[in-house]
There are 2 protein chains.
Amino acid sequence: MPAMKSSREALSVLLEPVADGMERMRAVLAAQLQETSPAVSDMTEHVRRFRGKGLRAALVLLVGEATGNTTDEHASVAAIVEMIHLATLVHDDILDGATVRRRVACVNERWDNQTAVLLGDFLYARAFALSTDLSSRLASRLLAETTRGICVGEIEQSTRRYDFELAQTTYEKIASAKTGILYGTACTLGARYPGGNEIVGDAMETFGNRLGLAFQIIDDCLDLTASTQGLGKSVGTDVEDGKITLPVLRVYSHADEDQRAAIRDVYTRPGLTDRAARLREVCDLEPGLVYARNRARTLLHAALKNLKNLPDTPARGALFGMAEFVSERGF
Amino acid sequence: MPAMKSSREALSVLLEPVADGMERMRAVLAAQLQETSPAVSDMTEHVRRFRGKGLRAALVLLVGEATGNTTDEHASVAAIVEMIHLATLVHDDILDGATVRRRVACVNERWDNQTAVLLGDFLYARAFALSTDLSSRLASRLLAETTRGICVGEIEQSTRRYDFELAQTTYEKIASAKTGILYGTACTLGARYPGGNEIVGDAMETFGNRLGLAFQIIDDCLDLTASTQGLGKSVGTDVEDGKITLPVLRVYSHADEDQRAAIRDVYTRPGLTDRAARLREVCDLEPGLVYARNRARTLLHAALKNLKNLPDTPARGALFGMAEFVSERGF
């Protein structure tokens, strides 16, 4: 997997302007995952191995630097954002029936659904508890509201499963709620925490929302095309779960009636295995993937416009690089 | 079910000193459960029908009155405590595989596990969001920490399933963490919110913790003895889930080897149905139930000692009545 390795290296170079902050963020995260209860620490140890790219935490720190707003507490804010993301991942694994997350067995595979629910709850609670220790309430407020929004997005999504008539705007609204919103809040907090700086904060929120939406669209493309080994998490789960993502929506809307019936059959026929591979057999996904990737690029372009008033610093450069990373990423 | 009806009536009489506050609490709760998303409001509407006894909310209000600490925000604090309790119930239903909760189909029965996880997350998020709108951070702080403690208790419990060697102290530690702690925090907040009043708050916390532990012990007895119709939620779920509760621990520790083997068999033999009924067949649970109920009474007695310095008011009288209700309740 040399491509993936070099992609990880590229990301690490990108995050150099906030390398110290990222290290402090990881230390805070590690401390928060420690528990005196052996049963709990066994599980949080497992979650630590997910590690992940830390993109959301990096956005808090990079936007903080780029807007000249970095405080001593930014690393903690970044850790809280990352913990909320981890909690959504753990609960998402229950939802998706996914079995592999970042090359480590999912919580619900190694333990069971019970435990995964509790561990996710634990991570949310830890995140909120840490946020209430900060000097300003801004992080608590925005993140509680953001978490609510993510849940609403996920619930909306689950009611739209197997809905091939989904409008692209509805798909994007849901993807914004479940992914864009946390990117947006990470950026707002970077620019505004502990308070003030609202105009810059709003521009950064728009930057983050669009970046996050683009990230989700690319994620939906990778779920159809990547290998589990390359991506480091289960793929094809959207098809298994009946989630109709942008590339499929596009192909479906341009297909004739026979092809539409074949696509619906792949999603719904009971007992079918490896539905994503079957889907690639019954239709040509490529035009849908090209369309979706273009849409992601358009969104990234729109996102970057919000950085135009920021001074030219390495952190601002890294935010541009982040947009490129999202667009080109293979993991 | 005339007994249950009069029991509900008795509770309603008990809560008269805070009837106005309870009404305001329910109004806040109803407003918080409203969502513009139709998919979400359909589900929260369903949760509203759980209603429940509102004991935890009542404790916030009664302790507030009894300690002369009632503020305009107490009803909101009470609603937040109740929402956190609702969230734990929704997630608990996933854990227990329970199918009936308060005579209303469980969320995970009517929808699915996915939805139940998301709805619980939504309720937690709403609760935390509301707490960040209060004038003092005390509720956010204590409730985030309490939620973490509840998760740790539930995780500990899940690792101790089928453990017949569980010490009574460990059982009580777990029951305190999963139930006592929220009762304790409800009482602390009643006495202390928005801040100060620490000594009284500590006594009220001890009162609440012991009351909550006693409540849980009685709950564990009812799970073995009550009917689904009378209790209004699934019964026998502890046996199904391998939870070894105090009455069973007691019977097991006094049983001979043959009887122990029979008890273990009822818990573990694959495919067995109605395990609670089978358990009643293979052993006499009565001595265990008597022992557990006595333990609950001892705890309630110890709880009430913490009220001794409070002035003699209707609210203090209601707290005494609450202890009696917990001890005598059939639902």
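Residues numbered from 1 in each chain as written. Chains lettered and ligands numbered in written order. Predicted model: local features only at pLDDT ≥ 70, side-chain atom pairs only at ≥ 80, totals over all residues. Heavy atoms only, no water.

**Q** Break down the confidence of the model for chain A for me, with residues and values.
**A** All names here are of chain A. Residues at a pLDDT of 70 or more form 89% of chain A, whose mean pLDDT is 89. Within the model, the stretch residues 1-5 combines pLDDT values under 50 with five contacts to residues more than four positions away or in other chains. Every residue in residues 97-103 is under pLDDT 50, and counting partners more than four places away or in other chains gives 35 contacts. Interface scoring of the predicted complex returns ipTM 0.89; its pTM is 0.90. (pLDDT = per-residue confidence, 0-100. Contact = heavy atoms within 4.5 Å.)

**Q** Now, about the relation of the copies chain A and chain B: what can you tell me, with residues and values included?
**A** Rotating chain A by 180 degrees and translating it 0.0 Å along the rotation axis places it on chain B, where the RMSD comes to 0.0 Å. Expressed as a symmetry operation, the mapping of one chain copy onto the other fits a two-fold axis. Minimal C-alpha distance to the rotation axis in chain A is attained by V117(A), lying at 3.5 Å. Residue by residue, 100% of the interface of chain A is reproduced at the interface of chain B, so both copies engage with the same surface. (Least-squares fit on C-alpha atoms with pLDDT ≥ 70 in both.)

**Q** Go over the interface of chain A and chain B, please, and point to the residues and values.
**A** Opposite the 44 residues of chain A that make contact, chain B presents 44 residues. Summing both sides of the interface, chain A and chain B together bury roughly 3700 Å²; the carbon and sulfur share of this comes to 64%. On inspection of chain A and its partner chain B, the count reaches zero salt bridges. Inspection of the region where chain A meets chain B yields 10 residue pairs in polar contact (both at pLDDT 80 or more). At the level of secondary structure, the elements contributing two or more residues to the side of chain A that touches chain B comprise α3 (38-48), α5 (74-96), α7 (113-132) and α8 (138-159) of chain A. By residue class, the composition of the side of chain A that touches chain B is 19 nonpolar, 13 polar and 12 charged. (Buried area = accessible area lost by both parts, 1.4 Å probe. Salt bridge = Lys/Arg side-chain N within 4 Å of Asp/Glu carboxyl O. Polar contact = N/O pair within 3.5 Å; in protein donor to acceptor, adjacent residues only side chain to side chain. Helix = DSSP H or I, 4+ residues; strand = E, 2+ residues; numbered from the N terminus. Nonpolar A, V, L, I, M, F, W, Y, C, P; charged D, E, K, R; others polar.)

**Q** Lay out the environment of A10(B) with the relevant residues and their values.
**A** Along the chain, A10(B) turns up in helix α1 (residues 2-14). Spatially, the C-alpha atom of A10(B) lies 20 Å from that of R293(B), the residues being 283 residues apart in sequence.

**Q** Tell me about the nonpolar core, and please be specific about residues and values.
**A** The biggest cluster of nonpolar side chains holds 214 residues, and the ones touching the most others in it are L279(A) and L279(B). L279(A) has contacts with L224(A), V239(A), V248(A), I263(A), V266(A), Y267(A) and L285(A), leaving out every residue within four places of it along the chain. (Core = buried A, V, L, I, M, F, W, Y, C linked by side-chain atoms within 4.5 Å. Buried < 20%, exposed > 50% of the residue type's maximum accessible area, 1.4 Å probe, protein only.)

**Q** Residues and numbers for the environment of E45(B), please.
**A** Residue and element names in this part refer to chain B. Mapping E45 onto the fold places it in helix α3 (residues 38-48). A relative accessible area of 41% means that E45 is categorised as partly exposed. Along the sequence, E45 and A296 sit 251 residues apart, while their C-alpha atoms lie 35 Å from each other.

**Q** Describe in detail the pattern of salt bridges, supporting the description with residues and values.
**A** Residues and elements named next belong to chain A. Applying the stated rule across the entire model yields 16 salt bridges over all chains. In this structure, R295 and E172 form a salt bridge, with 2.6 Å as the shortest nitrogen-oxygen distance. Separated by 123 residues along the polypeptide, R295 in helix α16 (residues 286-305) and E172 in helix α9 (residues 168-192) bring together distant segments of the chain. Taking relative accessible area as the criterion, R295 reaches 24% and is therefore assigned partly exposed. When its relative accessible area of 10% is taken as the criterion, E172 is described as buried. In this structure, the salt-bridge partner of R264 is E257, at a minimum N-O distance of 3.6 Å. Judged by its relative accessible area of 30%, R264 is partly exposed.

**Q** Please provide a residue-by-residue account of the packing of α8(A) against helix α7 (residues 113-132) of chain B, values included.
**A** α7(B) packs onto α8(A) with a crossing angle of 155 degrees between their chain directions and a minimal axis gap of 8 Å. In terms of axis orientation, α8(A) runs roughly antiparallel to α7(B). In this structure, α8(A) crosses over α7(B), and the sense of that crossing is left-handed. Here S140(A), R141(A), A144(A), E145(A), T147(A), R148(A), C151(A), V152(A), E154(A), I155(A) and S158(A) of α8(A) lie close against α7(B), whose contacting residues are Q114(B), T115(B), L118(B), L119(B), D121(B), F122(B), A125(B), R126(B), F128(B), A129(B) and T132(B). Residues of the contact of α8(A) with α7(B), tallied by class, amount to 10 nonpolar, six polar and six charged. (Axes fitted to C-alpha atoms, helices over the stretch in contact; angles between N-to-C directions. Parallel < 35°, antiparallel > 145°, perpendicular 65-115°, else oblique. Left-handed = near helix turned anticlockwise from the far one by under 90°.)

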